[in-house]
Amino acid sequence: MVRKRLIIEMGMGIDQHGQDPTVAAARAVRNAIANNALPGVWEVAGLSHPNEMIVEVQVAVPYPEQVRQQEVLAVLPFGRKSLTVEQGGMVVQGRAIPELNDKNDEMLIAVAAVTVLVEN
């Protein structure tokens, strides 16, 4: 079967407090898919269930080795999911607030691309 891209969505996510790259990555994925509808999955591609979609996620984030991949993929409600995490994003100097469990002054910014593919 041949895989064909149906849509590519982009998003950004930030963890201002907590310095957790998983939080930033999950927010980037959530941002990418937040305002979409995919009627083409049924009307054009002819799938009978959204779990038949192939969903490939690529995230660039500081400290990629710390990302808990299953938590990021859990943001996606449907599909046969995969995740690639790479070094990227941005670290910005913020302000540590002890009551928010900050470890340091860093704010972590992640970017994500979510590609939905179908097989023909």
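Okay, so let's go over this structure.

Thresholds, definitions, all that
- Residues numbered from 1 in each chain as written.
- Predicted model: local features only at pLDDT ≥ 70, side-chain atom pairs only at ≥ 80, totals over all residues.
- Heavy atoms only, no water.
- Helix = DSSP H or I, 4+ residues; strand = E, 2+ residues; numbered from the N terminus.
- Polar contact = N/O pair within 3.5 Å; in protein donor to acceptor, adjacent residues only side chain to side chain.
- Contact = heavy atoms within 4.5 Å.
- Expected span 1.5 Å × (residues − 1).
- Buried < 20%, exposed > 50% of the residue type's maximum accessible area, 1.4 Å probe, protein only.
- Salt bridge = Lys/Arg side-chain N within 4 Å of Asp/Glu carboxyl O.

### Quick look at the side chain of Glu106
Within the element layout of this structure, Glu106 appears in strand β5 (residues 106-119). Only 2.9 Å separates the side chain of Glu106 from the side chain of Tyr63, close enough to count as a polar contact. Not counting the four nearest positions on each side in its chain, Glu106 is found in contact with Asp15, Gln16, Gln19, Tyr63, Val91 and Val92.

### Here's the deal with helix α1 (residues 21-33)
In this model, α1 (13 residues) spans 19 Å end to end at C-alpha, consistent with the 18 Å of a helix rising 1.5 Å per residue. All buried positions along α1 are accounted for by Pro21, Thr22, Ala24, Ala25, Ala26, Ala28, Val29, Ala32 and Ile33. Contacts from the buried residues of α1 go to β1 (3-15), β2 (54-61), α3 (69-73) and β5. In this structure Asp20 caps α1, since a side-chain oxygen of it lies 2.9 Å from the backbone nitrogen of Thr22.

### Observations concerning the environment of Tyr63
Take Tyr63: it is sitting in the loop between β2 and α3. Spatially, the C-alpha atom of Tyr63 lies 6.7 Å from that of Gln87, the residues being 24 residues apart in sequence. Those residues in contact with Tyr63, other than ones at most four positions away along the chain, are Pro21, Gln87, Val91, Glu106 and Leu108.

### What to know about unusual backbone geometry
Unusually for a residue other than glycine, Tyr63 sits at a positive phi of about 60 degrees. In this structure Tyr63 comes out as partly exposed when scored by relative accessible area, which is 28%.

### Comments concerning the pattern of salt bridges
One side chain can pair with another of opposite charge once the charged atoms of both are near each other. By the definition in use, this model includes six salt bridges. For Glu56, the salt bridge is made with Arg3, and the minimal N-O distance between the two is 3.3 Å. Of this pair, Glu56 sits in strand β2 while Arg3 sits in strand β1, and the two are 53 residues apart along the sequence. Close ionic contact of Glu71 with Arg68 constitutes a salt bridge, the shortest N to O distance being 2.6 Å.

### A closer look at the side chain of Thr22
Of note, Thr22 is situated in helix α1. Within the structure, the side chain of Thr22 is placed 2.8 Å from the backbone nitrogen of Arg68, a separation counted as a polar contact. Ignoring sequence-local partners within four residues, the contact set of Thr22 consists of Gln66, Val67, Arg68, Glu71 and Val72.

### Some details on the environment of Glu119
One can find Glu119 in strand β5. Counting along the chain gives 67 residues from Glu119 to Glu52, while the straight-line C-alpha distance between them is 8.7 Å. If we skip the residues at most four places from it in the chain, Glu119 touches Met1, Val2, Arg3, Ile54 and Arg80. Of note is the side chain of Glu119, whose polar atom sits 3.3 Å from the side chain of Arg80.

Any link to function would need more than the numbers given here.
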